[in-house]
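# Remarks on the overall topology
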Amino acid sequence: MRRLLAVAVLVTALAAVSGCSADRPAGDDTAVPTAAGPGATSAGSTGTPSAGDAQVCAESQQAGTTAVRVYVEELGAMVAAVGAGDRATAEAARVRAEAALAQWRTALREQAARAADPQLRTLLNDMGAEVATLGVDGGSIDETELDRLQQRLDQLCVR
């Protein structure tokens, strides 16, 4: 029962994390400084993402939004099925939640390979590594780290 409660709390936290980027107004880069410091841009950068990197940002953010939505829905379905004693439905939901994470990792890797900005490339690779550590076990999710990475992505993409 304690594990079900932990997963339910986690689902709520992830749902809140997935909405964080939408809550900030465009151009709000006060959230979290990048590794190079607040307001830092890559060498030769004009302070705004290139057209190619803007597309990388958009596709990365969309992949994250979709993956987190599916992941949270499936974790909720898994918790409900476990509570109802329906192992088959719980297992199917677990598989779908893991597939959402795998698709997100793949999208992050693909977008990192396309990114021209080295900071954006590094961040997408970092996010992919963090997503790779996630699972459907409530103890494996570090929503604080996911939120921090998402804020860095938002900052790099809005510059």
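Residues numbered from 1 in each chain as written. Predicted model: local features only at pLDDT ≥ 70, side-chain atom pairs only at ≥ 80, totals over all residues. Heavy atoms only, no water.

Let us look at the nonpolar core. Core analysis: the largest hydrophobic core is formed by 31 residues, its most contacted members being Trp 104, Leu 120, Leu 124, Met 127 and Leu 153. Those elements that place two or more of their residues in this core are helix H2 (51-84), helix H3 (87-114), helix H4 (118-132) and helix H5 (143-158). Per-element tally for this core: the top contributor is H2, with 10 residues. Apart from residues no more than four positions distant in its own chain, Trp 104 is found in contact with Ala 63, Gly 64, Ala 67, Val 68, Val 131 and Leu 146. (Core = buried A, V, L, I, M, F, W, Y, C linked by side-chain atoms within 4.5 Å. Buried < 20%, exposed > 50% of the residue type's maximum accessible area, 1.4 Å probe, protein only. Helix = DSSP H or I, 4+ residues; strand = E, 2+ residues; numbered from the N terminus. Contact = heavy atoms within 4.5 Å.)

We now examine the pattern of salt bridges. As enumerated under the stated definition, the model contains 5 salt bridges in all. One salt bridge in this structure joins Glu 73 and Arg 69, with 3.5 Å as the shortest N-O distance. Here Glu 73 and its partner Arg 69 are both found in helix H2, 4 residues apart, which amounts to about one turn of the helix. Under the relative-accessibility criterion, Glu 73 is labelled partly exposed at 44%. Taking the shortest distance from any N to any O, the salt bridge between Arg 94 and Glu 98 comes out at 2.5 Å. Remark: Glu 98 and Arg 94 occur in helix H3; sequence separation between them is 4 residues, near one turn of the helix. Relative accessible area serves as the criterion here: at 33%, Glu 98 is assigned to the partly exposed category. (Salt bridge = Lys/Arg side-chain N within 4 Å of Asp/Glu carboxyl O.)

At a minimum axis separation of 10 Å, H4 and H5 run at an interaxial angle of 160°. With respect to each other, H4 and H5 are oriented roughly antiparallel. The way H4 lies across H5 gives a crossing that is left-handed. Note on element contacts: H5 touches H4 through Glu 145, Leu 146, Leu 149, Gln 150, Arg 152, Leu 153, Leu 156 and Cys 157, opposite Gln 119, Leu 120, Leu 123, Leu 124, Asp 126, Met 127, Glu 130 and Val 131. Class assignment for the residues of the contact of H4 with H5 results in 10 nonpolar, 2 polar and 4 charged. (Axes fitted to C-alpha atoms, helices over the stretch in contact; angles between N-to-C directions. Parallel < 35°, antiparallel > 145°, perpendicular 65-115°, else oblique. Left-handed = near helix turned anticlockwise from the far one by under 90°. Nonpolar A, V, L, I, M, F, W, Y, C, P; charged D, E, K, R; others polar.)

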